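Spelled out, the chains give:
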Amino acid sequence: MKKYSAFSLVRHALSHNRKWREAWRSPEPRREYDVVIVGGGGHGLATAYYLAKEHGIRNVAVLEKGWIGGGSTGRNTTIVRSNYLWTEASLLYEHSMKLWEGLSQDLNYNVMFSQRGVYNLGHTLQDMRDIERRVNANRLNGIDAEVVTAEQIARDIPWINTSADARYPVLGASLQRRAGVARHDAVAWGFARAADARGVDIIEQCEVTGIIRESGRVTGVETTRGTIRAPKVGVVVAGNASVLAAMAGLRLPIESHPLQAFVSEPLKPVLDTVVMSNAVHGYVSQSDKGELVIGAGIDAYNGYGQRGSFHTIEHTMQAMIELFPVFSRVRMMRQWGGIVDVCPDACPIVSTTPVGGLYFNCGWGTGGFKATPGSGWVFAYTIARDRPHELNAPFDLERFTTGALIDEHGAAAVAH
Amino acid sequence: MLLIECPWCGERAETEFSYGGEAGIVRPADPDALSDAEWADYLFNRNNPRGAHRELWNHAQGCRRWFAVERDTVTYRISGSYRLAGDPGAGDD
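The paragraphs below set out a description of the structure included in this document. These numbers were taken from a predicted model, which means no experiment stands behind them.

Looking at the pattern of salt bridges
Residues and elements named next belong to chain A. As enumerated under the stated definition, the model contains 23 salt bridges over all chains in all. D144 is paired through a salt bridge with R178; the nearest N and O atoms lie 3.1 Å apart. Of the two residues, D144 is situated in the loop between helix 5 (125-140) and strand 5 (146-149) and R178 in the loop between strand 6 (172-176) and strand 7 (180-181); the sequence distance between them amounts to 34 residues. Across the pair E265 and R331 runs a salt bridge, and its minimum N-O distance is 3.4 Å. Here the residue E265 occupies a position in strand 13 (residues 255-266), and R331 occupies one in the loop between helix 9 (310-323) and strand 17 (332-342), the gap between them amounting to 66 residues. Residue class for E265 comes out partly exposed when judged on its relative accessible area of 22%. Shared partners join several salt bridges into a network, and the residues in it are R25, R30, D196 and D201.

So this is what it looks like as structure tokens:
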């Protein structure tokens, strides 16, 4: 891998930028690998990267049915935070946050991680009580968090409607200053490039059509580009988790839903932080190009179609205009839908399975992007050691049988 | 937006309905007789298919009845609405 640096920028500029090498190879799949990762999104690529980096397992293939980062990795609102209520969840997301903080240097790829802060607004007395509880829980877990008043919000985010006669008046917020946003495509490309440099084969246009098992153990996968053998298979395919699970005879506590998001026409700088609201249910930030990046809730029905219903769009825009009346004339430029894999307790599954050598990483639901490095890190550990790390041990499949759920539904900073 | 046919009221906009998830999940008659794994399977596990899906909808802003819809989860095309077992005019649902 050629190192990217200011010097390389200058050097390539002198040759009119015609000599840049490809960021990762496009190899033909080999017949056999030590580990096969199914799914070339951010989580899958991060898993391959940390398998190579932390565990020295370099004979790895990442199989992607479309193109790298073309699924939910490129279909989110790029918010990164770790202010979850329960200890299990907050430690997992905080581990991810710490990896984010050094990620651009680690990958030698600018993922444009911008710690511009995330405000989670409270609109009712109960919201504010929940916020105080969550902020205290975060601080006990060593995560930065603070409660801010409506006056502070009015000062720091001047365009937000903090008037007392709003239908959902802003009473205050929680603020995590280390939270922010990152460039989603760069995260996929950066992990792909860094994994490739360590010997990982990234194989695009290669859909897994079957999971081969012999006497209770996985031995490989059938793909549209032939059979690929491997003693360990890690599946991290977000919305399609149930489909892959069915190939291995498993059933998961997951439902797939469309989640829509929007980008507006570019504006002059108007919002230098991230604002989320549970009660009016929307979240917004402004990208470096000036576009507002807006998201809200899932469509109610099960769906794999990467699009949702119009009334969900309307609901999202109502929330935005309620919070920021100044945005009422802004036109939306693009809209897209990703497929989110929602778990009953709004927490992920990063787990071994009843099938030997088969591992699942799924159920991140509406909040998987922020977890990308941490998810890959713990999943790589789980695959390499055939047992979970203490950070993801609570997130096993067994919790649905034992009842030890981690109920972040409503407890986390935003409704799911 | 989906155009959903309520078997009682006819075609209405999706916003009149609320979604009830996978159809055909029957509460076990004797939960005490189940193992934890069987109970978890009933409670949490879902088929979540990519393709044909039989699901429950409630005409919340209309007749307030539950019924089943067969819908494709990729194309979102609805192929039929059905009254639930026990309702007048129901099939074998």
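Read on for the rest.
Topic: unusual backbone geometry
The backbone phi angle of M112 of chain A is positive, close to 55 degrees, even though this residue is not glycine. Turning to its location among the elements, M112 of chain A is positioned in the loop between helix 4 (103-107) and strand 4 (118-122). Since its relative accessible area comes to 33%, M112 of chain A is described here as partly exposed. Its identity as a non-glycine residue notwithstanding, R64 of chain B has a phi of 65 degrees, on the positive side. Overall, R64 of chain B belongs to the exposed group, its relative accessible area being 65%.

With respect to the sheet that holds strand 10 (residues 217-223) of chain A
Residue and element names in this part refer to chain A. With antiparallel pairing, 3 strands are arranged side by side in an open sheet as 9-10-11. The open sheet terminates on both sides in strands that have one partner only, identified here as strand 9 (208-214) and strand 11 (226-229). On average, adjacent strands in this sheet sit at an angle of 25 degrees to one another, irrespective of strand direction. Judged from the 4 bridges that link them, strand 10 and strand 11 form a sheet pairing that is antiparallel. By the bridge assignment, E222 is partnered in strand 11 with T227.

Observations regarding the pairing of strand 16 (residues 291-298) of chain A
Residues and elements named next belong to chain A. Of all 8 residues that make up strand 16, 7 are buried, and the element is covered over most of its length. As paired strands, strand 13 and strand 16 are joined by 5 bridges and run antiparallel to one another. Directly across from P266, in strand 16, lies its bridge partner E291. Here 4 bridges tie strand 15 (residues 282-286) to strand 16, and the two strands are oriented antiparallel to one another. Paired with V284 across the two strands is I294, which belongs to strand 16.

Quick look at the interface of chain A and chain B
Taken residue by residue, the interface counts 26 residues in chain A and 25 residues in chain B. Buried surface at the junction of chain A and chain B, both sides included, amounts to about 2200 Å², of which 49% is carbon and sulfur. When the buried area of chain A at its contact with chain B is split by residue, R251, Y301 and Y304 of chain A rank highest and sum to 32% of it. Where chain A touches chain B, the interface holds 1 salt bridge. At the junction of chain A with chain B, the criterion picks out 19 residue pairs in polar contact (both at pLDDT 80 or more). Elements with a contribution of two residues or more to the side of chain A that touches chain B: helix 8 (241-247), strand 13, helix 9 and helix 11 (399-402) of chain A.

Remarks on the environment of G249 of chain A
Locating G249 of chain A in the fold gives a position in the loop between helix 8 and strand 13. Taking C-alpha positions, G249 of chain A is 9.9 Å from P354 of chain A, a pair spaced 105 residues apart along the chain.

Quick word on the environment of P158 of chain A
Residues and elements named next belong to chain A. If you trace the backbone, P158 turns up in the loop between helix 6 (150-156) and strand 6. Residue class for P158 comes out exposed when judged on its relative accessible area of 56%. Put simply, P158 and F324 are 166 residues apart on the chain and 9.7 Å apart in space, counted from C-alpha to C-alpha.

Remarks on the packing of helix 3 (residues 87-101) of chain A against helix 10 (residues 372-385) of chain A
Each pair of packed helices can be described by the angle between their axes along with the distance between the axes. Residues and elements named next belong to chain A. Contact geometry for helix 3 and helix 10: axes closest at 7 Å, N-to-C directions at 110 degrees. Relative to helix 10, the element helix 3 lies roughly perpendicular. Contact residues: helix 3 offers L92, H95, S96, L99 and W100, while helix 10 offers T372, P373, G374, W377 and V378. Counted by class, the contact of helix 3 with helix 10 contains 6 nonpolar, 4 polar and no charged residues.

Thresholds, definitions, all that
- Residues numbered from 1 in each chain as written.
- Chains lettered and ligands numbered in written order.
- Predicted model: local features only at pLDDT ≥ 70, side-chain atom pairs only at ≥ 80, totals over all residues.
- Heavy atoms only, no water.
- Salt bridge = Lys/Arg side-chain N within 4 Å of Asp/Glu carboxyl O.
- Helix = DSSP H or I, 4+ residues; strand = E, 2+ residues; numbered from the N terminus.
- Buried < 20%, exposed > 50% of the residue type's maximum accessible area, 1.4 Å probe, protein only.
- Pairing = 2+ DSSP bridges.
- Axes fitted to C-alpha atoms, helices over the stretch in contact; angles between N-to-C directions.
- Contact = heavy atoms within 4.5 Å.
- Buried area = accessible area lost by both parts, 1.4 Å probe.
- Polar contact = N/O pair within 3.5 Å; in protein donor to acceptor, adjacent residues only side chain to side chain.
- Parallel < 35°, antiparallel > 145°, perpendicular 65-115°, else oblique.
- Nonpolar A, V, L, I, M, F, W, Y, C, P; charged D, E, K, R; others polar.

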